[in-house]
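Residues per chain are reported as follows:
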Amino acid sequence: MLVLVTAGVFALIHLTPGDPIDVMMAESVDDSVKANLRRELGLDQPIYVQYAAWMGRLLRGDLGRSIRNGEPVIENVSRRIRPSVQLAALAMAVSLLVATPLGILSAARRNTSVDRVGTTFALFGICMPNFLLALLLIFCFGVKLRWLPISGYLDPLEDGWPGLRSLVLPALTLGLALAAVVTRTLRSSMLEALGEDYVRTARAKGLSEWRVIRGHVLKNALIPVVTVLGLQLGTLIGGAVITEYVFALPGVGRLVVDAVFARDYPLVQGVVLLIAIGFILSNLAVDLLYGWIDPRIRYR
Amino acid sequence: MRRSAPDASLDRREFLHLCALATGALAPGIAVSSASAQTPKKGGTLRVGFYLEASTMDPHLSGSKVDRQIYHNIYEPLLTLDVKLGIKPGLAESWQQLEPKILILKLRKGVKFQDGTDFNAEVVRFNFNRMKTEPKSVRKGEVASIESVDVVDPYTVKLNLRRPDAALLATLTDRAGMMVSPKVIQERGAELERNAKGAGTGPFEFVEWIKDDHLLIKRNESYWNKHGGPYLDRVRYRPIPDDTVKLQSLQAGEIDVIDYVQPRDVAAVRADKNLVELDVPSLAAFAYQLNQTRPPFNVKALRQAVAYAIDLDQIVKGVWLNVGVPANGPVPPTSWAYDKSIPAIKRDLAKAKAKLAEGGKPSGFPFTITTANIPINVQEAEVIQAQLAEVGIQAKIKLVDAATQLSDGNSKNFDMISYQWSGRPDPDGNTYQFFKTTPGTSLNWSGISNPQIDALLDKTREVSNQAERKKLYSELTKLLQEELPMIYIVHPIEPKAFSPKVQGYEPIPDGMMRFKEVWLK
């Protein structure tokens, strides 16, 4: 699987028009300088030779060096991974805080005004483009109310409260959109579970509605929600490009997009490989969670 | 003979008037510099928002405009520019051109690098040699006319030129003239790219660069020039890639200066009483290159048909929102070489149709416009597409990213491609590399090879008298309007925006933000 990913990315980025040396030396017209650099970086070799060389280094645990800044790919990524992971975790927290009560209430009070609020929120959250929500949040909380910083990043683990404040707006932007998806998923899977026989049995036993929902419905409705969250976690870490761009956050998403624009081959290949590994791991975690949530699908 | 500052064809009043005309009102931003009549005070941190991050701290390896913005505060060039683009002394206090191929520079005494080492003639020789021999040097082309550098005495150097080069002085006002401490280069090597501590002689010294977050410089307490600033304690640069967010950060008081206001935002910034907007006319020329090496634009009449079908006034008004002026050629109105008697090519549909017939395509022809996928470029290409359609020319728009644009241009894989050149103080930088017949890679993407143009370009380098050079550039501009290797659209203005507490900023049309005299109220 990973080999396929590496080969695909390698082929795609090398087949894209554009040349890293041209980008780096756009103002230089000295052909010999460019040719020397190309030779030094091995870019004058046929593509399969370059791929073999890259795979060889990869097997020794070396992801190579960025063409643009000359630093090891792993250093570039390690500098960027922290904001991305923190943002993903906060966004996930925002989405759960919003979506759990909203999803449960929407399902439990189906076709009431609570449900309508929940579904309208979900509709807005899914329809509204990320950048628009980001700009609206910036305008309200940054420019008008001046409660929160607009752009830039401080590490919450080092700077504490100011660091957390710097992540609030981006986390809301990502979290609210995710909350919309989770609300809808939770609502529909809860509605499905509410129609099951075991729910009727639980009610017949005289359990309170809250206990029915907590003990029987919610647990059974969680599988699709966990699937959605698991898939989104990977996207949040590697793919929050627009949010990172708007809030000037130095995350992995921006790193890979900048690298694509600069045709920084080793950096693109390295980061995509790491993101792919992240996806595989988060899917694995989801699979393991299934077993914990629902003993019927426990692996033997 | 000692050369004094060139006699610019526009004085400051005209220059500002030009901005005012272009933007429809006298820019309130001028208050930024006039307010400096108050007594400047020391202290404070200036927070600057740029659209992207610096790429390297080594001026000899740099190919990015943002880098230059920072360098002009920590390094100093041998010569500098004034607001009229006149050449002023920098680290060289005077210069003499004894004969066309010899340039003598008398260096300033008592200047020290921030690492404590002396600036002298040996340093100059070391720097030029590095620019010429360092394998990754991006400056090789700019100093190509320098054959060798002789140290005459500790504070005098003689530049022996390969050929007369009238543009060299202007070249030495930017990165090719910036002097880096040899000690830093020898001791730190490649690390200089990330850490410029002690490397310059400028009014500010490098403190730290936290990649993707900020770059910090502080006042150089032992700066040689004791007149005026530096006043600021620190300058903190931050990359904010989104233009809207960058402006909102300024409005919210998170930053104090932004390097560029998008034309679409200029009106709003002017209307905001809490901001000061300043129109800085630039040296830039935004244009399209027409590929002469293949059909359809290997036929001159068809290039002319396109030029006559385009309405520059409408584009500048509708797309650029008058944040710029229609271009008559490569030389911008800020330059001493600008000839205002030459009008920009006017739209003339009858002429366009006649040229189509002359080119053998009376009912029009299809071709592709390649341009960057940036909103204003896309809008411009769409307007051109609509204007050309009126004479039956069917333009297709191909949107590409910067890397593809470069590769398409270098490999001449285009019909008509946008080219946005930030400009150079000497008109040579806006012309020679675009139109001179050159084998291999150059910015001559159009593939033009015209003996008359080649001869004119060479002559502009040989002649040192500015009035004569100006005549040559006028002749060249007319010839380019006839041959049309490029269709020039606009000379944009570079609007900058400040918090009202920023004082003393002097706008120089090269767009660089020098903070030596800047202070905070």
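Predicted, not measured: the structure shown is a model, and the values here were computed from it.

### What to know about the overall build of chain A
Line of reasoning, step 1. For chain A, the count of helices and strands is 14 helices and zero strands.
Line of reasoning, step 2. Written out in order from the N terminus, the α and β elements of chain A read α-α-α-α-α-α-α-α-α-α-α-α-α-α.
Line of reasoning, step 3. Per-residue burial for chain A yields a buried fraction of 40% across its 300 residues.
Line of reasoning, step 4. In chain A, of all internal contacts separated by at least 6 residues, the share reaching a separation of at least 24 is 71%.

### Concerning unusual backbone geometry
All names here are of chain B.
Line of reasoning, step 1. In this structure, P230 follows G229 across a cis peptide bond, with omega equal to 10°.
Line of reasoning, step 2. Looking at where P230 falls in the secondary structure, it is placed in the loop between β9 (214-219) and β10 (234-239).
Line of reasoning, step 3. Residue P296 follows P295 across a cis peptide bond; omega there is 5°.
Line of reasoning, step 4. For P296, the position within the fold is in the loop between β13 (285-290) and α9 (300-309).

### Quick look at the interface of chain B and chain A
Line of reasoning, step 1. Counting from both sides, the interface comprises 34 residues of chain B and, opposite them, 36 residues of chain A.
Line of reasoning, step 2. Residue assignment for the side of chain B that touches chain A shows that the elements contributing at least two residues are β10, α7 (243-251) and α13 (402-410) of chain B.

### Some thoughts on the pairing of strand β6 (residues 146-153) of chain B
Line of reasoning, step 1. In this sheet, strand β7 (residues 156-161) of chain B lies alongside β6 of chain B in antiparallel orientation, the contact comprising six bridges. Counted as the bridge partner of I146 of chain B is L161 of chain B from β7 of chain B.

### Describing the packing of helix α13 (residues 252-261) of chain A against helix α14 (residues 265-293) of chain A
Residues and elements named next belong to chain A.
Line of reasoning, step 1. Two numbers describe how α13 lies on α14: the axes approach to 8 Å, and their chain directions differ by 145°. Judged by the twist between their axes, the crossing of α13 over α14 is left-handed. Residues V252, L255, V256, A259 and V260 of α13 form the contact with α14, whose participating residues are L267, V268, V271 and V272.
Line of reasoning, step 2. Taken together, the residues that form the contact of α13 with α14 break down as nine nonpolar, no polar and no charged.

### Regarding the sheet that holds strand β4 (residues 92-99) of chain B
Residues and elements named next belong to chain B.
Line of reasoning, step 1. Strand order in the open sheet formed by four strands is β4-β5-β7-β6, and the pairing between neighbours is antiparallel. Across the chains shown, the open sheet's two edge strands, defined by having one partner strand only, are β4 and β6. Each neighbouring strand pair of the sheet contributes to a mean axis angle of 20°, computed without reference to strand direction.
Line of reasoning, step 2. Across the face of the sheet, helix α4 (residues 121-133) comes into contact with β5 (102-107), β6 and β7 while running at roughly 165° to β6.

### Overview of the environment of A99 of chain A
All names here are of chain A.
Line of reasoning, step 1. Along the chain, A99 turns up in helix α5 (residues 73-108).
Line of reasoning, step 2. Residue A99 is classed as buried on the basis of its 30 C-beta neighbours within 10 Å.
Line of reasoning, step 3. When the C-alpha atoms of A99 and G175 are compared, they prove to be 9.6 Å apart, with 76 residues separating the residues in sequence.

### Structural notes on the packing of α5 of chain A against α14 of chain A
Residue and element names in this part refer to chain A.
Line of reasoning, step 1. Contact geometry of α5 with α14 gives a least axis separation of 9 Å together with a crossing angle of 55°. Judged on the interaxial angle alone, α14 and α5 are oblique. The element α5 and its partner α14 pack so that their crossing is right-handed. Counted together, V73, N76 and V77 of α5 and P266, L267, G270, V271 and L274 of α14 form the full contact between these two elements.
Line of reasoning, step 2. Class assignment of the residues belonging to the contact of α5 with α14 gives a composition of six nonpolar, two polar and no charged.

### Quick word on the confidence of the model for chain B
All names here are of chain B.
Line of reasoning, step 1. Looking at chain B as a whole, the pLDDT averages 88, with 92% of positions reaching at least 70.
Line of reasoning, step 2. This model gives residues 1-31 a pLDDT under 50, and the stretch forms 60 contacts once residues within four places in sequence are excluded.
Line of reasoning, step 3. For this predicted complex, the interface confidence reaches an ipTM of 0.81, while the overall pTM sits at 0.84.

### Some points on the pairing of β5 of chain B
Residue and element names in this part refer to chain B.
Line of reasoning, step 1. Covered by surrounding structure in β5 are L103, L105 and L107 only, the residues I102, I104 and K106 on the alternate face being uncovered.
Line of reasoning, step 2. Of the strand pairs in this sheet, β4 and β5 are connected by six bridges, and their pairing is antiparallel. Within β5, the position partnered with Q97 by the bridge is L103.
Line of reasoning, step 3. Adjacent in sequence and paired antiparallel, β4 and β5 are bridged by two residues.
Line of reasoning, step 4. The pairing of β5 with β7 spans five bridges and is antiparallel.

What counts and what doesn't
- Residues numbered from 1 in each chain as written.
- Chains lettered and ligands numbered in written order.
- Predicted model: local features only at pLDDT ≥ 70, side-chain atom pairs only at ≥ 80, totals over all residues.
- Helix = DSSP H or I, 4+ residues; strand = E, 2+ residues; numbered from the N terminus.
- Buried ≥ 20, exposed ≤ 12 C-beta atoms within 10 Å, placed from the backbone.
- Contact = placed C-beta atoms within 7 Å.
- Pairing = 2+ DSSP bridges.
- Axes fitted to C-alpha atoms, helices over the stretch in contact; angles between N-to-C directions.
- Left-handed = near helix turned anticlockwise from the far one by under 90°.
- Nonpolar A, V, L, I, M, F, W, Y, C, P; charged D, E, K, R; others polar.
- Parallel < 35°, antiparallel > 145°, perpendicular 65-115°, else oblique.
- pLDDT = per-residue confidence, 0-100.

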